Amino acid sequence: MLYKSTRGKTGNIHFKDVLFSGLAPDGGLYIPEKLPGPELFNVSNFSEKTYDEIAQIVMKPFIGSFFDNDQFKQITKNAYNNFKTNNRCELISLSQDHLLLELFHGPTYAFKDFAMQMIAQMFQVALKKIKKSINIIVATSGDTGAAAVNAFKNLENINLYVLYPNNRISEIQRRQMTTVEASNITIFSVDGTFDDCQLLVKTIFSDVTLSKKISLTGVNSINWARIISQVVYYCFAASRIDPQKKIDFCIPTGNFGNIYAGYVAKKIGTNIDKLIIATNLNDILHRTFTTGRYFKDKVYKTHSPSMDIQVSSNFERLLHHIYKNPKTVEKQMEQ
């Protein structure tokens, strides 16, 4: 599978280069040149498979031949090894036709563990394979940073730099990041909001010469590997429900990565119907879908700090699917 930028100036990119990239050089986000269709996945057989097996089936077409089958099986095993349930996530019945997907069974109790543990293992294997070291920079509204610190601590050939908004994350998240003893981890508190942290990261990545010189990469949900890792739990949840039924997912959403992963799961053949955005006072996505206008407002501090975001990066990927025209996407994002 080959990848391209949502803004159209970069294309014909292999997964290896996407894995080690943040933004595309033109400022866009990487997406597959064509999403695989339902004919590639026998989704009806997923009910008989474990979470790990579904992960290998769903993610392999996106990864291609960069990891062979044995390597990817080992990556998957290592990624989920520290989860507290054999199912990796649990589907709990609340009432008739009303279920809760528990995504907090990873090492930092955040759904970001599913993707971050997977990416860390991919990086570890890939870097040994290509004999390279990298620097990772990540902005966090709380849970991404904690999950990244846990996943990347003390790994060889990797340095991790995390930016978080001072006094705008939970105390547990702050301690998860700042109390880990690891020589390859550096944490910065930023006087500002998550959007300020994210802007710093995007500005650094926009310096293509610098990024290449220091082998800089990102593990925010702008990294496509994050998205495909999260597609798996939608496929797993759908496989545990009658395949003849249509499923709606209501998804807490800040940076649009989690709900976009659900959109990809829908496109590749799962029986998903509606994807419903759940938001807090920082409701840029709700405003966009109800008014048609995408604009920044003040970032409000709430009791759900991981959603205290006003610029939802992955929304650009959805725009690409809607407009099917990179020039239109670029123009819209510039506005």
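Look up a bit, the structure's there.
Keep in mind it's a predicted model, so treat the numbers as computed, not measured.

Asks: Tell me about the overall build of the protein chain, and please be specific about residues and values.
Replies: For the protein chain, the count of helices and strands is 13 helices and 10 strands. Its C-alpha radius of gyration of 19 Å places the protein chain within 12% of the 20 Å reference for a compact globule of 335 residues. Expressed along its principal axes, the backbone C-alpha trace of the protein chain runs to roughly 50 × 50 × 40 Å. At a minimum sequence separation of 6, the contacts of the protein chain that also span at least 24 residues come to 72%. Of the roughly 15,400 Å² of accessible surface on the protein chain, 49% is carried by carbon and sulfur atoms. Counting 39 positive and 30 negative side-chain charges, the protein chain places the averaged centre of each group 4 Å from the other.

Asks: Describe the layout of surface pockets, listing the residues and the values that go with them.
Replies: Here the second largest pocket is characterised by a volume of approximately 870 Å³. In this structure, the second largest pocket is lined by 35 residues; those nearest its centre are Arg 7, Lys 202, Tyr 294, Val 311 and Met 333. Only α7 (194-206), α11 (284-291), α12 (315-323) and α13 (326-334) provide two or more residues apiece to the lining of the second largest pocket. If you tally residues by element for the lining of the second largest pocket, the top one is α7, at eight residues. The residue makeup of the lining of the second largest pocket, split by class, is 17 nonpolar, 11 polar and seven charged.

Asks: Residues and numbers for the pairing of strand β10 (residues 272-278), please.
Replies: The sheet contact formed by strand β9 (residues 247-252) and β10 spans five bridges and is parallel. Directly across from Pro 252, in β10, lies its bridge partner Ala 278. The β-α-β motif built from β9, the intervening helix α10 (residues 257-267) and the parallel element β10 has right-handed crossover chirality.

Asks: Could you give an account of the packing of aromatic side chains, naming the residues involved and the relevant values?
Replies: Summed over the entire model, instances satisfying the criterion amount to 19 aromatic pairs. Look at Tyr 3 and Phe 15: their rings are 6.5 Å apart centre to centre, the planes differ by 50°, and that puts the pair in the tilted class. Of this pair, Tyr 3 sits in strand β1 (residues 3-5) while Phe 15 sits in helix α1 (residues 15-19), placing them 12 residues apart in sequence. For the pair Tyr 3 and Phe 15, a shared accessibility class is recorded, and that class is buried. Judged by centre distance (5.3 Å) and plane angle (35°), the rings of Tyr 233 and Tyr 234 are tilted. Under the relative-accessibility criterion, Tyr 233 is labelled buried at 1%. Grouped by ring-pair contacts, the aromatic residues Tyr 51, Tyr 80, Phe 83, Phe 114, Tyr 233, Tyr 234, Phe 236 and Phe 249 constitute a single cluster. Positioned above the aromatic ring of Phe 66, the side-chain terminus of Lys 129 is 4.4 Å from the ring centre. Directly above the aromatic system of Phe 20 lies the positively charged group of Lys 132, at a separation of 5.7 Å from the ring centroid.

Asks: So, the pattern of salt bridges: which residues are in play, and what are the values?
Replies: Tallied over the full model, the rule gives nine salt bridges. Between Asp 17 and Lys 16 there is a salt bridge whose closest N-O contact spans 3.8 Å. Overlapping salt bridges bring together Glu 171, Arg 174 and Arg 175 as one network.

Asks: For the packing of helix α5 (residues 143-152) against helix α6 (residues 171-178), give the residues involved together with the corresponding values.
Replies: Think of two packed helices as two axes; the pair is described by the angle between the axes and how far apart they sit. The geometry of α5 relative to α6 is characterised by a closest axis approach of 8 Å and an angle of 30° between their N-to-C directions. The orientation of α5 with respect to α6, classified from their angle, is roughly parallel. Where α5 crosses over α6, the handedness of that crossing is left-handed. Each of Asp 143, Gly 145, Ala 146 and Val 149 in α5 lies in contact with α6, whose residues at this interface are Gln 173, Gln 176 and Met 177.

Asks: So what's going on with the environment of Arg 168? Residues and values would help.
Replies: The topology assignment puts Arg 168 in the loop between β6 (158-165) and α6. The exposure class of Arg 168 is partly exposed, given its relative accessible area of 22%. If sequence neighbours within four positions are ignored, Arg 168 has contacts with Ser 141, Gly 192, Thr 193, Val 299, Tyr 300, Lys 301 and Pro 305.

Asks: Tell me about the sheet that holds β6, and please be specific about residues and values.
Replies: Spatially, four strands are ordered β7-β6-β5-β8 in an open sheet, and the strand pairing comes out parallel. In the strand order of this sheet, the two ends are held by β7 (185-190) and β8 (216-217), each with one partner. As judged from the six bridges shared by strand β5 (residues 134-139) and β6, these two strands associate in the parallel manner. Along β6, the bridge assignment pairs Ile 136 with Leu 160.

Criteria and cut-off values
- Once a new chain begins, its residue numbering starts again from 1 and follows that chain's sequence as written.
- In keeping with the model being predicted, local features are shown solely for residues with a pLDDT of at least 70 and side-chain atom pairs are shown and tallied solely at 80 or more, while totals for entire chains, interfaces and linings include all residues.
- As a rule here, side-chain values cover all heavy atoms of the structure and leave hydrogens and water aside.
- Segments assigned H or I by DSSP are reported as helices when at least four residues long, segments assigned E as strands when at least two residues long, and all are numbered from the N terminus.
- This radius of gyration counts C-alpha atoms alone. The globule rule is 2.2 Å times how many residues there are, raised to the power 0.38.
- Residues count as neighbours in contact if any of their non-hydrogen atoms are within 4.5 Å of one another.
- Note that accessible areas follow from Shrake-Rupley with a 1.4 Å probe, and for residues the cover is restricted to the protein chains shown.
- A residue counts as positive if it is Lys or Arg and as negative if it is Asp or Glu; His and the chain ends are not included.
- Lys charges are placed at NZ, Arg charges at CZ, Asp charges at CG and Glu charges at CD.
- Here a cavity denotes grid points, spaced 1 Å and computed from the protein atoms alone, that fit a 1.4 Å probe unable to get out, and a pocket denotes an open set having protein on both sides within 12 Å along at least 5 of 7 lines; residues with an atom within 4 Å of a point are the lining.
- Grid points are joined across faces, edges and corners, and a volume is the space filled by probe spheres set on the points.
- Classification convention: Asp, Glu, Lys, Arg as charged; Ala, Val, Leu, Ile, Met, Phe, Trp, Tyr, Cys, Pro as nonpolar; all other residues, Gly among them, as polar.
- By the convention used here, strands pair only if DSSP detects at least 2 bridges between them.
- If the strands point away from the viewer and the path from the first strand over the helix to the second runs clockwise, then the crossover is right-handed.
- Any two of the Phe, Tyr and Trp rings considered here, Trp counted by its six-membered ring, make a pair once their centres fall within 6.5 Å; the pair's planes then place it as stacked at under 30 degrees, edge-to-face at over 60, or tilted in between.
- Burial classes follow relative accessibility: with a 1.4 Å probe on protein chains only, a residue under 20% of its type's maximum area counts as buried, one over 50% as exposed, and anything between as partly exposed.
- Definition used: whenever NZ (Lys) or CZ (Arg) falls within 6 Å of the ring centre and also within 35 degrees of the ring normal, the charge is taken to sit over that ring.
- One side-chain nitrogen of Lys or Arg within 4 Å of one carboxyl oxygen of Asp or Glu is enough to make a salt bridge.
- Orientation is described by lines fitted to C-alpha atoms, with helices fitted over the stretch in contact, and by angles between N-to-C directions that extend from 0 to 180 degrees.
- In these notes the angle categories are as follows: under 35 degrees is roughly parallel, over 145 is roughly antiparallel, 65 to 115 is roughly perpendicular, and the rest is oblique.
- When the near helix sits turned anticlockwise from the far one by under a right angle, the crossing is termed left-handed; a clockwise turn instead gives a right-handed crossing.

Shape descriptors only; they carry no functional weight alone.
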